[in-house]
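# Commentary on secondary and tertiary structure
Here's the letter readout for the chains.
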Amino acid sequence: MKKMFFLFIFVFLFILTANAKEQFVNPIFNQPLKPLGRSSTLTYITPTSIDSRTPLDDNLVAMTGDCQLIENTQNRITLLCDLYWHNPDKKGPKQYFVFKITERITQDCLRIAENDFDIWEDYTQEQEFANDIYCVTPPDKLESD
């Protein structure tokens with residue numbers, strides 16, 4: 001019984017420390033991504049997940065995903081996600097999501113562009129068109145704890 005208890009504690013601590021290591025280099029990506037435009041929806045990302053809400057009700061989940069952090073830099077992150085659309089039991093396709101800080105639009109809005117692809121070879125950094133555009137609060141406007 002003691003061995004099972006210690007094994008459980010060891011596994012729990014291992015999982016806890018493994019998850020703690022995965023953080024965004026730039027904490028700006030920890031904010032909710034507020035939509036700019038009609039095609040975007042309120043989106044939450046973590047190094048291990050993505051969660052998009054419906055356009056008409058921010059309380060309803062449209063899509064979720066279990067993700068792996070592929071790229072993690074100051075201005076850009078890439079996630080590879082297994083998606084679930086409207087039904088957490090029905091797994092959808094794997095998809096890459098690239099979130100990139102592009103410009104400061106206003107004093108209170110930093111623009112984040114999102115590109116998503118089914119196959120990584122389809123992505124080129126030179127693409128000007130973003131699938132979705134978001135706004136986050138710039139670092140100098142965030143309240144400090």
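I will try to describe carefully the structure that is included in this document. By convention here, each chain's residues receive numbers from 1 onward along its written sequence. In keeping with the predicted nature of the model, local features appear solely for residues at pLDDT of at least 70, side-chain atom pairs appear and are counted solely at 80 or more, and the whole-chain, interface and lining totals rest on all residues. Side-chain numbers here rest on the full set of heavy atoms in the structure, without hydrogens or water.

Take the overall build of the chain next. For the chain, the helix and strand inventory stands at one helix and eight strands. Secondary structure elements of the chain occur, N-terminal to C-terminal, as α-β-β-β-β-β-β-β-β. Only protein chains enter the accessibility calculation, which uses a 1.4 Å probe. A residue is then buried if its area is under 20% of the maximum for its type, exposed if over 50%, and partly exposed in between. The buried share of the chain, reckoned over its 145 residues, is 37%. Any two residues having at least one pair of non-hydrogen atoms within 4.5 Å are treated as being in contact. Of all intrachain contacts in the chain linking residues separated by at least 6 positions in sequence, the fraction that spans at least 24 positions is 39%. For helices the rule is a DSSP run of H or I covering at least 4 residues; for strands it is a run of E covering at least 2, with both sets numbered from the N terminus onward.

To continue, consider the environment of Asn131. Residue placement: Asn131 occurs in the loop between strand S7 (109–117) and strand S8 (132–136). Considered as a pair, Asn131 and Phe97 are 34 residues apart in the sequence and their alpha carbons are 9.9 Å apart. For Asn131, the residues in contact, after removing those within four places along its chain, are Ser39, Glu114, Asn115 and Asp116. Any pair of N or O atoms that falls within 3.5 Å is considered a polar contact. Within protein, one atom must be able to donate a hydrogen and the other to accept it, and sequence-neighbouring residues count only if both atoms are side-chain atoms. At 2.9 Å, the side chain of Asn131 and the side chain of Asp116 are in polar contact.

Turning our attention to the sheet that holds strand S5 (residues 76–85). In space, the eight strands of this open sheet follow the order S1-S8-S7-S6-S5-S4-S3-S2, with antiparallel pairing throughout. With partners counted over all chains shown, the strands left at the sheet margins are strand S1 (34–35) and strand S2 (43–46), one partner each. Each pair of strands is called paired provided DSSP finds at least two bridges between the two strands. Direction of pairing for S7 relative to S8: antiparallel, over a ladder of five bridges. Across the sheet, Ala113 pairs through a bridge with Ile133, a residue of S8.

Next up on the list: the state of the cysteines. The disulfide criterion used throughout: a pair of cysteine sulfur atoms within 2.5 Å. Scanning all chains against the criterion turns up two disulfides. A sulfur-sulfur distance of 2.0 Å marks the disulfide that ties Cys67 to Cys81. Between Cys67 and Cys81, the S-S dihedral sits near 105°, and the bridge is therefore right-handed. Linking Cys67 in strand S4 (residues 61–72) with Cys81 in strand S5, this pair joins segments that are 14 residues apart in sequence. Judged by its relative accessible area of 0%, Cys81 is buried. Across the disulfide, Cys109 is cross-linked to Cys135 (sulfur-sulfur distance 2.0 Å). Taken together, the positions of Cys109 in strand S7 and Cys135 in strand S8 put the pair 26 residues apart, joining distant regions of the chain. On the basis of relative accessible area, Cys109 is assigned to the buried category, the value being 7%. The exposure class assigned to Cys135 is buried, which follows from its relative accessible area of 10%. Should the bonded cysteines of the chain be numbered as they appear in the sequence, the pairing reads 1-2, 3-4.

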